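If you want the building blocks of each chain, they are given just below.
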Amino acid sequence: NAGVTQTPKFQVLKTGQSMTLQCAQDMNHNSMYWYRQDPGMGLRLIYYSASEGTTDKGEVPNGYNVSRLNKREFSLRLESAAPSQTSVYFCASSDGRRLAGNEQFFGPGTRLTVL
Amino acid sequence: GQQLNQSPQSMFIQEGEDVSMNCTSSSIFNTWLWYKQDPGEGPVLLIALYKAGELTSNGRLTAQFGITRKDSFLNISASIPSDVGIYFCAGLLSGTYKYIFGTGTRLKVLA
């Protein structure tokens, strides 16, 4: 039981390049999330998927797209990377079906640098 | 954007001391979560709270869900060096799937 896994762990891009961050969970959770974390700040929600087949914008969605590929996988795409997207990206999941299932679990993160 | 007010921002304490931190918001939450994050790692869930007034413990950690549903508190008793890290609160906005995070409390324990 690996929980939430993310690939890659580290990535360096040049301005304008594109890439996709991958996330998978093996807890049979309905809801999945992408956050970014910048120095001295908390986690800010980029996009989330409340259930398979749905996606919604979070607080900072500009410059990103997401795909909920199936119940297990939720990917984040940067179409044209910018230096302002240098950050640590975390994927998370939660059961999302009932009050007692609102615990959210995080992956280890992807450290992205855009030059 | 929405964020929780978390305080203190940082604190240095002596080993063996008790620690308190809190989060407040103008929004109502139906779940409060407390996390610890070590350098280079993802946040790890410490405690989850589901009802207003609920008090929950996990070893030396105790957290409370505020009566107004707009705040939460975390206490760490008899701190030890491995308690060092950043502690985050997170609230699930009532009626949504969105979690709002505090800006973190950086804890340093002096042996």
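Please read these numbers as outputs of a predicted model, since none were measured by experiment. (Residues numbered from 1 in each chain as written. Chains lettered and ligands numbered in written order. Predicted model: local features only at pLDDT ≥ 70, side-chain atom pairs only at ≥ 80, totals over all residues. Heavy atoms only, no water.)

Caption draft 1: Summary view of the overall build of chain A. Along chain A, the regular secondary structure elements total zero helices and 11 strands. The linear arrangement of helices and strands in chain A, starting from the amino end, is β-β-β-β-β-β-β-β-β-β-β. Every one of the 115 residues in chain A was classed for burial, and the buried ones make up 52%. Restricting the contact set of chain A to residue pairs at least 6 apart, pairs at least 24 apart contribute 55%. By element, 50% of the accessible surface of chain A is carried by carbon and sulfur atoms, the whole surface being about 5,100 Å². Each charge class in chain A can be summarised by its mean position, and for the 12 positive and 9 negative side chains these summaries are 5 Å apart. (Helix = DSSP H or I, 4+ residues; strand = E, 2+ residues; numbered from the N terminus. Buried < 20%, exposed > 50% of the residue type's maximum accessible area, 1.4 Å probe, protein only. Contact = heavy atoms within 4.5 Å. Areas by Shrake-Rupley, 256 points an atom, 1.4 Å probe, with all protein chains shown as cover. Lys, Arg positive; Asp, Glu negative; His and termini not counted. Charge placed at Lys NZ, Arg CZ, Asp CG, Glu CD.)

Caption draft 2: Molecular detail of the nonpolar core. One finds B:Trp32, B:Trp34, B:Leu74 and B:Leu107 to be the most contacted residues of the largest nonpolar core, which totals 23 residues. Only strand 2 (10–14), strand 3 (19–24), strand 4 (29–37), strand 5 (44–49), strand 7 (61–65), strand 8 (71–76), strand 9 (85–93) and strand 11 (105–110) of chain B provide two or more residues apiece to this core. (Core = buried A, V, L, I, M, F, W, Y, C linked by side-chain atoms within 4.5 Å.)

Caption draft 3: View of the interface of chain B and chain A. Between chain B and chain A, the contact holds 23 residues from the first and 27 residues from the second. The junction of chain B with chain A conceals about 1,900 Å² of combined surface from both sides, 58% of it contributed by carbon and sulfur atoms. Looking only at chain B, the three residues that lose the most surface to chain A are B:Tyr50, B:Tyr97 and B:Tyr99, adding up to 32% of its buried area. Joining chain B to chain A, the criterion identifies zero salt bridges. In this assembly, chain B and chain A are joined by seven residue pairs in polar contact (both at pLDDT 80 or more). Here the element with the most residues in the side of chain B that touches chain A is strand 4 of chain B; it accounts for five residues. Partitioning the side of chain B that touches chain A into residue classes produces 11 nonpolar, 10 polar and two charged. (Buried area = accessible area lost by both parts, 1.4 Å probe. Salt bridge = Lys/Arg side-chain N within 4 Å of Asp/Glu carboxyl O. Polar contact = N/O pair within 3.5 Å; in protein donor to acceptor, adjacent residues only side chain to side chain. Nonpolar A, V, L, I, M, F, W, Y, C, P; charged D, E, K, R; others polar.)

Caption draft 4: Region of the structure containing the sheet that holds strand 1 (residues 4–7) of chain A. All names here are of chain A. With respect to topology, four strands assemble into an open sheet ordered 1-3-8-7, the strand pairing being antiparallel. In the strand order of this sheet, the two ends are held by strand 1 and strand 7 (64–68), each with one partner. Taking the axes of each pair of neighbouring strands and ignoring which way they run, one obtains an average angle of 20 degrees across the sheet. As judged from the four bridges shared by strand 1 and strand 3 (residues 19–25), these two strands associate in the antiparallel manner. Bridged to Val4 within strand 3 is Gln25. (Pairing = 2+ DSSP bridges. Axes fitted to C-alpha atoms, helices over the stretch in contact; angles between N-to-C directions.)

Caption draft 5: Focus on the state of the cysteines. All names here are of chain A. Here the structure, examined in full by the defined rule, presents two disulfides over all chains. Residue Cys23 pairs covalently with Cys91 via a disulfide, S to S 1.8 Å. The S-S bond linking Cys23 to Cys91 shows a torsion near -70 degrees; that makes this disulfide left-handed. Pair noted here: Cys23 is in strand 3 and Cys91 is in strand 9 (residues 87–94), with a separation of 68 residues, a long-range link. Using a relative accessible area of 3% as the deciding quantity, one classes Cys23 as buried. Judged by relative accessible area, which is 0%, Cys91 ranks as buried. (Disulfide = S-S within 2.5 Å.)

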